[in-house]
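# Structural overview for review
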Amino acid sequence: MTGLRYVYAICHPFGTPLQAQLTGVAGDPPRLLHHHGLVAVVSHVPERDFAEGPLRSRLEDLDWLTATARAHQGVIDALTVVTTPLPLRLGTVFWDDSGVRVMIEEREEVFRRTLERLHGRVEWGVKVYAESEPADSDRSGAGPGDGLPAEKAVSGRDYLRQRRMRMRTNENMWQQAEAFAGRLHETLSAFAEDSRLHAPQNATLSGASGRNLLNAAYLVPREESEEFVELVDRTKDDVPGMRVELTGPWAAYSFAGEE
């Protein structure tokens, strides 16, 4: 089959075959390209979509980008079952096998060092959310025309005092939430071999409810993953109104040195 070479990951040689029905980006099954004692996991992709110019345009197409990212991730997930992959960034493409081999030679030392560091380890993601600040419940302006029972009128001084109390309560709530997120990160970081703090997620983009206070990744030996999950479970209910989300195990994207 002709086409450009899409590269998913670099690995040490491994003997366990990938899933027979596994397909990658653009529907082409991944294959293994051996060079200098390393393995590049590649597949063929069409030039009309993945040459430099078309690819730049395609990356602006959200539907296309989502489908491509899912196919890319599917191959990485399959590799994670049988070996420790060093995932490359989405859209890593070369003209032919020779280009892939040159890339391996140029970065061989870094690949070997990183693969050694990541060997037998996986990434776990932990996010902490606090419920949104409660809406102002003051309804002193309600009256018979609102369909609600009339409330006792308050003076301007009383209104300001109530307002300050609500603001102080909300401030204390956020301080407790941030303290919880900080303690959890310290606990998980002490257990994990390494950790990365990512920028909090934008609720508009992620669709998640609440304020994202912690968005972190943790590098954990595969055989200690069950203990790590139990540690998260033991600490996630310490403060009411908090939501802890655990994802993984993933290939160690956050620790691979790739953008």
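Residues numbered from 1 in each chain as written. Predicted model: local features only at pLDDT ≥ 70, side-chain atom pairs only at ≥ 80, totals over all residues. Heavy atoms only, no water.

Let us look at the overall build of the protein chain. A tally of helices and strands in the protein chain yields 7 helices and 9 strands. Expressed as a percentage of the 259 residues in the protein chain, the buried residues total 39%. Restricting the contact set of the protein chain to residue pairs at least 6 apart, pairs at least 24 apart contribute 78%. When the accessible surface of the protein chain is totalled, it reaches about 14,800 Å², and 51% of it is carbon and sulfur. (Helix = DSSP H or I, 4+ residues; strand = E, 2+ residues; numbered from the N terminus. Buried < 20%, exposed > 50% of the residue type's maximum accessible area, 1.4 Å probe, protein only. Contact = heavy atoms within 4.5 Å. Areas by Shrake-Rupley, 256 points an atom, 1.4 Å probe, with all protein chains shown as cover.)

This brings us to the nonpolar core. The biggest cluster of nonpolar side chains holds 23 residues, and the ones touching the most others in it are Val126, Val128, Leu188, Tyr218, Phe228 and Met242. If you list the elements that add at least two residues to this core, you get strand E6 (121-130), helix H5 (156-191), strand E8 (211-221), helix H7 (225-235) and strand E9 (242-250). With 6 residues, H5 is the single largest residue contributor to this core. Not counting residues within four places of it along the chain, the set of residues in contact with valine 126 comprises Leu184, Leu188, Leu214, Asn215, Ala216, Tyr218, Phe228, Val232, Val244, Glu245 and Leu246. (Core = buried A, V, L, I, M, F, W, Y, C linked by side-chain atoms within 4.5 Å.)

As a further point, take the side chain of threonine 68. Position of threonine 68 relative to the elements: it lies in helix H3 (residues 62-82). Other than its neighbours up to four places away in sequence, threonine 68 contacts Val25 and Leu90.

Now for the pattern of salt bridges. Scanning the entire structure with this criterion turns up 10 salt bridges. With a shortest N-O distance of 3.7 Å, aspartate 61 and arginine 58 are connected by a salt bridge. Using a relative accessible area of 28% as the deciding quantity, one classes arginine 58 as partly exposed. A salt bridge links arginine 121 to glutamate 193; the nearest nitrogen and oxygen atoms lie 2.4 Å apart. In this pair, arginine 121 sits in strand E6 while glutamate 193 sits in the loop between H5 and strand E7 (194-197), placing the two residues 72 residues apart along the sequence. Taking relative accessible area as the criterion, arginine 121 reaches 23% and is therefore assigned partly exposed. (Salt bridge = Lys/Arg side-chain N within 4 Å of Asp/Glu carboxyl O.)

A few words now on H3. Over its 21 residues, H3 extends 31 Å from the first C-alpha to the last, a length consistent with the 30 Å expected when each residue adds 1.5 Å. All buried positions along H3 are accounted for by Trp64, Thr68, Ala71, His72, Val75, Ile76, Ala78, Leu79 and Thr80. Sitting at the amino-terminal end of H3 is aspartate 61, which places a side-chain oxygen 3.2 Å from the backbone nitrogen of aspartate 63. (Expected span 1.5 Å × (residues − 1). Polar contact = N/O pair within 3.5 Å; in protein donor to acceptor, adjacent residues only side chain to side chain.)

Further remarks concern the sheet that holds E7. Two pairing modes exist for strands in a sheet, parallel and antiparallel, and in both the strands are linked by backbone hydrogen bonds. Strand order in the open sheet formed by 4 strands is E7-E8-E6-E9, with antiparallel pairing between adjacent strands. Edge strands, defined here as strands with exactly one partner in the open sheet, are E7 and E9. Going from strand to strand, the sheet's axes swing by 20 degrees on average, the running direction of each strand aside. Here E6 pairs with E8 via 10 bridges, running antiparallel. For glycine 125, the partnering residue across the bridge sits in E8 and is alanine 217. Packed on one face of the sheet, H7 meets E6, E8 and E9 and runs near 10 degrees to E6. (Pairing = 2+ DSSP bridges. Axes fitted to C-alpha atoms, helices over the stretch in contact; angles between N-to-C directions.)

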